[in-house]
Number of protein chains: 4
Amino acid sequence: MLISHINRIAPPLNMLVSRKYRRENTVIDVGNIQIGGDKIVVMAGPCSVESRQQIIEIAQIVKKARASILRGGAFKPRSSPYSFQGLGEQGLHLLAEAHVVTGLPIVTEVMSPSQVSLVAEYADILQIGARNMQNFPLLCAVGRVRNPVLLKRGIGNTLEELLLAAEYIMSSGNYNVILCERGIRTFESATRFTLDINAIPVLKEMTHLPIIVDPSHAVGKARFVTALARGAIAVGADGLLVEVHPNPEEAISDGEQSLSPQMFATLMNEIECIARMLHRSI
Amino acid sequence: MLISHINRIAPPLNMLVSRKYRRENTVIDVGNIQIGGDKIVVMAGPCSVESRQQIIEIAQIVKKARASILRGGAFKPRSSPYSFQGLGEQGLHLLAEAHVVTGLPIVTEVMSPSQVSLVAEYADILQIGARNMQNFPLLCAVGRVRNPVLLKRGIGNTLEELLLAAEYIMSSGNYNVILCERGIRTFESATRFTLDINAIPVLKEMTHLPIIVDPSHAVGKARFVTALARGAIAVGADGLLVEVHPNPEEAISDGEQSLSPQMFATLMNEIECIARMLHRSI
Amino acid sequence: MLISHINRIAPPLNMLVSRKYRRENTVIDVGNIQIGGDKIVVMAGPCSVESRQQIIEIAQIVKKARASILRGGAFKPRSSPYSFQGLGEQGLHLLAEAHVVTGLPIVTEVMSPSQVSLVAEYADILQIGARNMQNFPLLCAVGRVRNPVLLKRGIGNTLEELLLAAEYIMSSGNYNVILCERGIRTFESATRFTLDINAIPVLKEMTHLPIIVDPSHAVGKARFVTALARGAIAVGADGLLVEVHPNPEEAISDGEQSLSPQMFATLMNEIECIARMLHRSI
Amino acid sequence: MLISHINRIAPPLNMLVSRKYRRENTVIDVGNIQIGGDKIVVMAGPCSVESRQQIIEIAQIVKKARASILRGGAFKPRSSPYSFQGLGEQGLHLLAEAHVVTGLPIVTEVMSPSQVSLVAEYADILQIGARNMQNFPLLCAVGRVRNPVLLKRGIGNTLEELLLAAEYIMSSGNYNVILCERGIRTFESATRFTLDINAIPVLKEMTHLPIIVDPSHAVGKARFVTALARGAIAVGADGLLVEVHPNPEEAISDGEQSLSPQMFATLMNEIECIARMLHRSI
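**Q** Tell me about the interface of chain D and chain C, and name the residues and values.
**A** Contacts between the two partners involve 34 residues from chain D and, on the opposite side, 34 residues from chain C. Put simply, the parts of the chain that give the side of chain D that touches chain C at least two residues each are helix H5 (159-171), helix H6 (199-206), helix H7 (215-219), helix H8 (222-235) and helix H9 (261-277) of chain D. It is H8 of chain D that contributes the most residues to the side of chain D that touches chain C, seven residues altogether. Each residue belonging to the side of chain D that touches chain C can be placed in one class, and the counts come to 21 nonpolar, nine polar and four charged.

This is the structure in structure tokens:
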């Protein structure tokens, strides 16, 4: 049989991620926010933390538009070594200030096992980026802290592999894992990636973990993000991860896919209507 | 430059499909139905016409659930020569009977240029299947009749190629083309295909033609179809093409992805709510 | 089971294409050429027949370099309706002239069932292009004539589907089918397509039919074609389909991937060495 | 312009990996072996180091068959946390013993920045696995030691991204980088991955770094590996990475794709003939 290697899509009964291991949805507490419950959780903010003024301004903007969590990159994985790599630890300090000013919990990326304890001091949620979905020492390291983990799907990885990556975190002791679909690589070149919207109902059947969608990376153009956000909530996602920048055209990274404050306010209003139809709120 | 071949994504100004050629949405009349207008159009029915009783029963069921158009295959393209190939001309007669009984317009597939005039007598809308998206003699042949054409995207074809295929039909004289996203082939094996939901807003920007979504083929499992239908309408699709069967487990083809009458009624109710939010109706 | 649809990779015992149906390699006679035997068969010529002078000149050139068969398009499937569509029947006449002058058998594409009898008069081998691999009425039509058929793999089609397409031809009565791997669509954008070199040994195990490779379309750049041709012969392909043009920079179509006469002579010398190593000849 | 993100395939002039920065091929010394020179370098051995007896036995076998370098995993990245994760540091000791017995240099994988100094003591070449191709802290860490680095292409990564990953290593100070094509993820399910053979000539034009091929992972079935190895050498690869096991059916990992000693001896004889034709040796 030539294809036996892909025959194990359903996680075995005994896997911690499996809906068979736990029937009810996992709901994760972050401050007074609940991820995976009735409320749709929107995490918004810039690709990179660029300056005190930028991150505080955008934190206030997304809070006003009813986002629940502030995103912002301090340690940035970039394809080229010559691209801006983030402000590093200074970026974490600025995120902490934005938290003090707005009260918004923080989600930010961690890139190596040795950074985990530092980032875990500042971040409410630790993000594992798509490139690190199968960085197993990193998965084990975030599995040994208490902070919830936002695990992004790799661009070339199957849903089965995403669940096995979550299993690394859970089997290391941390059960607070949020899955994130952010687009996969296909032949289509009109968009940056292809949002795998099928993944939402399929994952909901396979696992009890919350699932959010990152429409910004999935399509790569700001003007298409709101439509995809509506679609993600309509199929049943538990939340969104969205890039918003006070002046997208001046962003140091990912400006092309960042929403302006006004576009983000529209997005929030539109997904609120969809959420209500599904007996959820934002 | 290694990638010059994919540099022409935006259709040239003078292309008939282009939003630059025609700014307003094209609205296509089929009987008293309008495709591409404010109303969401749902085309529903079995994969294959199997018998008089089956097609008339399902026509009545989908009509009652407020579908606008009856789908059903008479000439069936099947990967294997040993699979059921459809009832052929007899299937067309049965579709005509279902039309008489219910008043629903008919959409059915045409597979070769020499069949076009026959199928055009019975069908209100001629369907070009995904496998024939670049069957250029067939595109030219349907371009020479008056019936609207439902053009499905090939599983390995880009959006640019889809628009160029539509251009073949339009430049042959038939401007009534409806585009259909039905899933593309990717590495993900948990679903039959990957619904390219990005395609909806991207196509809406590139072209004035109506765009519908086939969630049944895109995901391949009936229990996921309704969620995807909601997502498709939420992102802005003008309609749906959905497989429904009176007894899915007894269907001769595609039973696994066919909705039962009850599931279809639920789908219609759910997309109605989404449509209303977008100031559309069903 | 989510992936049952891809569980049937091994053709059933009773399929005509299967190595289980026929253990020995099928060898196909075209004039005094044998395809699928010990000799490597190279089919070469321009993408399109452009003029009497062009096709006769290139026929003499490829013959001198020891190609066995002349390729050239008369009916050209092109993604855009505004691209050159080939000389049509006149192109067939010119191919016939080139045959008279050089004695080389002709392979050329047929695009619709109604063209089959015409093209079959002029062509020694009927080519089914990648876009028509699942054009089932066309497969059945070429299955009802005597000419050998060169069946190209669709860019989005699996090996299983390629074999099922061949089965359409064989089950219609024509057992002389030559399979052709010509690159599949993947995320990699540095080359036009990705040559699926794995396909050669896998197909050799699954089927008794001869298998050739088209490196010109697979990579899309003339300067890489010779290396890939060496690779194709080294893994066990029975032949090649190569685009050669007297003046590639002036070609009406596919100039970028066409070899100059000199490059083609080099290719032939290099694959001869590889062939000899495998106890084959050219 | 929708596709600006993929417009930068050619590395800029000033990149260290670029053929424009350095015209001549980079040749890397490992003991008295040269990688990237006239000699084809074959790295062979088991997927995982399993025991002293196993690794010493296989080291002697591959040396006798004229492999130049011993491969073997001590730290194993596995998709599931419940699969065998390698013998760890003990595996490194056993590799060192195999080196003492046979004199073969060792290539083995390193999975996190904190392991680099340990693995660098035992390994002649540090392997970065496909899953870690964009683990940037790890790339920087191996960029700060002297050992040559074998960088495997990620299954969802473009050639441009592979070169940018190599640039991370080089810009950190280590110019001894060997690139490895090991198959990419595509829709084809008949093989484990799709060997991107196009990558070899394309990379040879873009970069001066040596390029080897891993046919074992690319196809996933032992019986197809030798054919692909011939193809890789014929297109111009500088070497191979091949899984060989004394008893493939008893291997703890990757047994299905491991060659038996006898199959490996055949592989070496066949690629020697191809190498000679290209004026190279093994």
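**Q** Explain the relation of the copies chain D and chain C to me, using residue names and the numbers behind them.
**A** Each of the two chain copies can be brought onto the other by rotation about an axis and movement along it. For the pair chain D and chain C, the best superposition has an RMSD of 0.0 Å and corresponds to a rotation of 180° with a translation of 0.0 Å parallel to the axis. Taken together, these values place the two copies in the relation of a two-fold axis. Nearest to the rotation axis, the C-alpha of Gly231 of chain D is located 2.1 Å from it, this being the minimum over chain D. Here 100% of the interface residues in chain D have copies in chain C that are interface residues too; the copies meet face to matching face.

**Q** Help me get a handle on the interface of chain A and chain B, residues and values and all.
**A** Contact residues are listed per partner, giving 34 residues for chain A and 34 residues for chain B. Put simply, the parts of the chain that give the side of chain A that touches chain B at least two residues each are helix H5 (159-171), helix H6 (199-206), helix H7 (215-219), helix H8 (222-235) and helix H9 (261-277) of chain A. Element by element, the count of residues in the side of chain A that touches chain B is highest for H8 of chain A, at seven residues. Looking at the side of chain A that touches chain B residue by residue, the class counts come to 21 nonpolar, nine polar and four charged.

**Q** Can you break down the environment of Thr191 of chain B residue by residue, with the values?
**A** Within the element layout of this structure, Thr191 of chain B appears in the loop between strand S8 (177-181) and helix H6 (199-206). In this structure the C-alpha to C-alpha distance between Thr191 of chain B and Val219 of chain B, which are 28 residues apart in sequence, comes to 5.3 Å.

**Q** Give me the environment of Leu16 of chain B: which residues, what numbers.
**A** Residue and element names in this part refer to chain B. Checked against the element boundaries, Leu16 lands in the segment before strand S1 (28-30). On the basis of neighbour counts, which here come to 19 C-beta atoms within 10 Å, the residue Leu16 falls in the partly exposed class. A C-alpha to C-alpha distance of 9.9 Å links Leu16 and Ile169, two positions 153 residues apart in sequence. Not counting residues up to four positions away in its chain, the partners in contact with Leu16 are Tyr21, Glu167, Met170 and Ser171.

**Q** Please give an account of helix H5 (residues 159-171) of chain B that cites residues and values.
**A** Residue pairs three or four apart in sequence face the same way in an α-helix, which turns once every 3.6 residues. All names here are of chain B. Here H5 contains 13 residues, and its C-alpha end-to-end distance of 18 Å stays within 8% of the 18 Å for a straight helix at 1.5 Å per residue. Within H5, 11 of the 13 residues are buried, which leaves it mostly tucked inside the rest of the structure. Turning to H5, its buried residues number three or more, namely Leu159, Glu160, Leu162, Leu163, Leu164, Ala165, Ala166, Glu167, Tyr168, Ile169 and Met170. Turning to H5, the residues buried within the fold contact helix H4 (136-143), strand S7 (149-152), S8 and H6. In the stretch just after H5, Gly173 is the one whose phi turns positive, near 120°.

**Q** Give a detailed account of the sheet that holds strand S7 (residues 149-152) of chain A, specifying residues and quantitative values.
**A** Residues and elements named next belong to chain A. Around the barrel, which closes on itself, the eight strands sit in the order S3-S4-S5-S6-S7-S8-S9-S10 with parallel pairing between neighbours. Between one strand and the next, the sheet's axes are offset by a mean angle of 25°, whatever the strand orientation. In terms of strand pairing, strand S5 (residues 106-109) meets strand S6 (residues 125-128) through three bridges, oriented parallel. Bridge pairing in S6 links Val107 to Ile125. On top of the sheet, helix H1 (residues 52-64) reaches strand S3 (41-45) and strand S4 (69-71); it is set at about 155° to S3, its chief contact.

**Q** So what's going on with the sheet that holds S7 of chain B? Residues and values would help.
**A** Strand pairing within a sheet occurs via backbone hydrogen bonds; the two strands may be parallel or antiparallel. Residue and element names in this part refer to chain B. Here eight strands make up a closed barrel; going around it, the order is S3-S4-S5-S6-S7-S8-S9-S10 and the pairing parallel. The sheet shows a mean angle of 25° between the axes of neighbouring strands, direction not considered. The sheet contact formed by strand S6 (residues 125-128) and S7 spans three bridges and is parallel. Within the sheet, the bridge partner assigned to Ile128 lies in S7 and is Leu151. Running at roughly 160° to S8, H5 makes contact with S7 and S8 of the sheet.

**Q** With reference to specific residues and values, describe the packing of H9 of chain A against helix H9 (residues 261-277) of chain B.
**A** In a pair of packed helices, the angle between the axes and the distance between the axes together describe the arrangement. Following both chains from N to C, one finds H9 of chain A and H9 of chain B inclined at 155°, their axes separated by 10 Å at the closest point. Here H9 of chain A lies roughly antiparallel to H9 of chain B, going by the angle between them. For the element pair H9 of chain A and H9 of chain B, the recorded crossing hand is right-handed. Here Cys273, Ile274 and Met277 of chain A of H9 of chain A come into contact with H9 of chain B, specifically with Cys273, Ile274 and Met277 of chain B.

**Q** Lay out the relation of the copies chain A and chain B in plain terms, naming residues and giving numbers.
**A** Mapping chain A onto chain B is achieved by rotating through 180° and translating by 0.0 Å along the same axis, at an RMSD of 0.0 Å. Comparing interface residues between copies, 100% of those in chain A also sit at the interface in chain B, which points to an isologous, same-surface contact.

**Q** Hey, could you go over the pairing of strand S8 (residues 177-181) of chain A for me, with residue numbers and the actual values?
**A** All names here are of chain A. Buried residues dominate S8, accounting for five of its five residues. Side-chain alternation along S8 places Val177, Leu179 and Glu181 on one buried face and Ile178 and Cys180 on a second face that is also buried. Bridge count for S7 against S8 is four bridges, and the pairing is parallel. In the strand pairing of S8, Leu150 is matched with Ile178. You can see the chain leave S7, run along H5 and come back into S8, and the turn it takes is right-handed. Taken together, S8, H6 and strand S9 (residues 211-213) constitute a β-α-β crossover, and its handedness is right-handed.

**Q** Let's hear about unusual backbone geometry: which residues, and what values?
**A** Residue and element names in this part refer to chain B. Positive phi values are uncommon outside glycine, yet Arg66 reaches one of about 80°. Along the chain, Arg66 turns up in the loop between helix H1 (52-64) and strand S4 (69-71). Under the C-beta neighbour-count criterion, Arg66 is labelled partly exposed, with 15 such atoms within 10 Å.

**Q** Can you break down the confidence of the model for chain A residue by residue, with the values?
**A** All names here are of chain A. Taken over all residues, the pLDDT of chain A has a mean of 94, while the share at 70 or more is 95%. Contacts for the low-pLDDT stretch residues 1-10, under 50 throughout, to residues beyond four places or in other chains number 19 contacts. Listed scores for the predicted complex are pTM 0.95 and ipTM 0.94.

**Q** So, the nonpolar core: which residues are in play, and what are the values?
**A** Leu151 of chain A, Leu151 of chain B, Leu151 of chain C together with Leu151 of chain D are the most contacted members of the largest nonpolar core, which has 400 residues in total. Excluding its chain neighbours within four sequence positions, the residues that come into contact with Leu151 of chain B are Ile128, Met133, Ala165, Ala166, Ile169, Val177, Ile178, Leu179 and Cys180 of chain B.

**Q** Describe the packing of helix H1 (residues 52-64) of chain D against helix H2 (residues 89-102) of chain D, with residues and values.
**A** Residue and element names in this part refer to chain D. Between H1 and H2, the least distance of the axes is 9 Å, while the angle of their chain directions is 40°. Considered as vectors, H1 and H2 are oriented oblique to each other. In this structure, the crossing between H1 and H2 has a hand that is right-handed. Taken together, the residues of H2 that come into contact with H1 (itself represented by Arg52, Ile55, Ile56, Ala59, Gln60 and Lys63) are Leu94, Leu95, Glu97, Ala98, Val101 and Thr102. The residue makeup of the contact of H1 with H2, split by class, is seven nonpolar, two polar and three charged.

**Q** Quick one: what's the story with the environment of Val30 of chain A, residue by residue and with numbers?
**A** Residues and elements named next belong to chain A. Note on placement: Val30 falls in strand S1 (residues 28-30). C-alpha separation for the pair Val30 and Met170, spaced 140 residues apart in sequence, amounts to 18 Å. Leaving out residues up to four positions away in the same chain, Val30 has contacts with Ile35, Ile69, Pro105, Asp124, Ile125 and Pro148.

**Q** With reference to specific residues and values, describe the pairing of S6 of chain B.
**A** A regular strand places its side chains so that they alternate between the two faces of the sheet. Residues and elements named next belong to chain B. Along S6, one buried face is formed by Ile125 and Gln127 and the opposite face, lined by Leu126 and Ile128, is buried too. Running through helix H3 (residues 116-122), the crossover from strand S5 (residues 106-109) to the neighbouring parallel element S6 is right-handed. In this region the chain leaves S6, passes through H4 and returns to the parallel neighbour S7; the handedness of that crossover is right-handed.

**Q** I'd like to hear about helix H1 (residues 52-64) of chain C, residue by residue, with values.
**A** Residue and element names in this part refer to chain C. The terminal C-alpha atoms of H1 lie 18 Å apart, and with 13 residues this matches the ideal 18 Å at 1.5 Å per residue to within 8%. When we look at burial in H1, the residues that qualify are Gln54, Ile55, Ile58, Ala59, Ile61 and Val62. Down the axis of H1, the buried set is contained in an arc of 165°. They therefore lie on one face. Elements that come into contact with the buried residues of H1 comprise strand S3 (41-45), strand S4 (69-71), helix H2 (89-102) and helix H9 (261-277). A positive backbone phi angle near 80° is found at Arg66, which sits one or two residues after H1.

Rules behind the numbers
Residues numbered from 1 in each chain as written. Chains lettered and ligands numbered in written order. Predicted model: local features only at pLDDT ≥ 70, side-chain atom pairs only at ≥ 80, totals over all residues. Contact = placed C-beta atoms within 7 Å. Helix = DSSP H or I, 4+ residues; strand = E, 2+ residues; numbered from the N terminus. Nonpolar A, V, L, I, M, F, W, Y, C, P; charged D, E, K, R; others polar. Least-squares fit on C-alpha atoms with pLDDT ≥ 70 in both. Buried ≥ 20, exposed ≤ 12 C-beta atoms within 10 Å, placed from the backbone. Expected span 1.5 Å × (residues − 1). Pairing = 2+ DSSP bridges. Axes fitted to C-alpha atoms, helices over the stretch in contact; angles between N-to-C directions. Parallel < 35°, antiparallel > 145°, perpendicular 65-115°, else oblique. Left-handed = near helix turned anticlockwise from the far one by under 90°. Right-handed = clockwise from strand over helix to strand, strands pointing away. pLDDT = per-residue confidence, 0-100. Core = buried A, V, L, I, M, F, W, Y, C linked by C-beta atoms within 7 Å. Arc of directions from axis to C-beta.

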